[in-house]
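Secondary and tertiary structure notes
The chain contents come next:
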Amino acid sequence: MMLTESPIRRLDAKAPGLAEELKRDLDIDITRCLECGKCSGGCSYAHGFDYTPRKMVQLIKLEERGKLLRMRALWTCLSCQLCLDRCPSSIDMPRILDYLRGKAYAERLNDVHPEIEKFYEIMLSDIRNNGRISETLMMARFNFATRRYFSNADLGMKLFFKGKLKLFGPKTKNLNSLRALFAKLLFRSPAEQEPS
């Protein structure tokens, strides 16, 4: 059996791309990570991730952009901030994941977890258009988009009759400033990005 050689990369070597991008765009210096593992030990959902927060830092240092943009953890992170709270170097992993999620979305990597990304798209669209989320309408839009028309209708009815689910969401007072923020951040759904 013949083994193929793979390039040896040092974890402490300065990564030329993604780490510098995070420093430039988010002001997060990933090289400050001590790799102590407190982020992974404190993560409330590490058991559901394909890569723990500590492994994600290693992947950033190794320039494994493809793995990072296609990992399940990117779409299932709860953003509970426990990893940040426990990090002695204050590495803001939820912010990094949010940044990478935006990159994955912009690069149309929707073949990885299409239902999660569809939910993300519908939620951001509702926030941009209405300022807030109407859970009932968002759930209906998601069910129709994923062709699961009445998959959670029984749960929805229970929540509605207990007063936990409103038909329409609350209104936003200054919708124009919110839309200006979305325009500044250049959020556009893939359908809107198609040339006319």
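Residues numbered from 1 in each chain as written. Predicted model: local features only at pLDDT ≥ 70, side-chain atom pairs only at ≥ 80, totals over all residues. Heavy atoms only, no water.

**Some details on a nonpolar patch on the surface**
Taken together, the side chains of Leu 137, Met 157, Phe 160, Phe 161, Leu 167 and Phe 168 present a nonpolar region at the surface, about 660 Å² in accessible area. Here the nonpolar patch takes 3 residues from helix H10 (residues 153–161), the largest share from any one element. The topology assignment puts Phe 160 in helix H10. Overall, Phe 160 belongs to the partly exposed group, its relative accessible area being 40%. (Patch = residues over 30% accessible without salt bridge, like charges linked within 9 Å, V, L, I, M, F, W, Y side chains within 5 Å. Areas by Shrake-Rupley, 256 points an atom, 1.4 Å probe, with all protein chains shown as cover. Salt bridge = Lys/Arg side-chain N within 4 Å of Asp/Glu carboxyl O. Helix = DSSP H or I, 4+ residues; strand = E, 2+ residues; numbered from the N terminus. Buried < 20%, exposed > 50% of the residue type's maximum accessible area, 1.4 Å probe, protein only.)

**Points about empty space enclosed by the protein**
Across all of its chains, the model carries 2 cavities of 30 Å³ or more by this definition. Cys 33, Cys 36, Cys 39, Cys 87 and Ile 91 are, among the 15 residues lining the largest cavity, the residues nearest its centre. Contributions of two or more residues to the lining of the largest cavity are made by helix H2 (38–42) and helix H3 (53–61). For the lining of the largest cavity, a count of residues per class yields 11 nonpolar, 2 polar and 2 charged. Put simply, the second largest cavity is a space of about 90 Å³. Listed by contribution, the elements that provide at least two residues to the lining of the second largest cavity are H3 and helix H7 (93–106). Here the lining of the second largest cavity gets 3 residues from one element, more than from any other, and that element is H7. (1 Å grid on protein atoms, 1.4 Å probe; cavity = no way out; pocket = protein on both sides within 12 Å on 5 of 7 lines; lining within 4 Å. Points joined across faces, edges and corners; volume = space filled by probe spheres on them. Nonpolar A, V, L, I, M, F, W, Y, C, P; charged D, E, K, R; others polar.)

**Section: the layout of surface pockets**
Any empty space left between the atoms is revealed when a probe the size of a water molecule rolls over them. When its volume is computed, the second largest pocket comes out at roughly 270 Å³. In terms of lining, the second largest pocket is formed by 15 residues, of which the most central are Thr 136, Met 139, Ala 140, Asn 143 and Ala 153. At the level of elements, helix H9 (135–145) and H10 are the ones that each hand at least two residues to the lining of the second largest pocket. Sort the elements by how many residues they give to the lining of the second largest pocket and H9 lands first, with 5 residues. Grouping the constituent residues of the lining of the second largest pocket by class yields 10 nonpolar, 5 polar and no charged.

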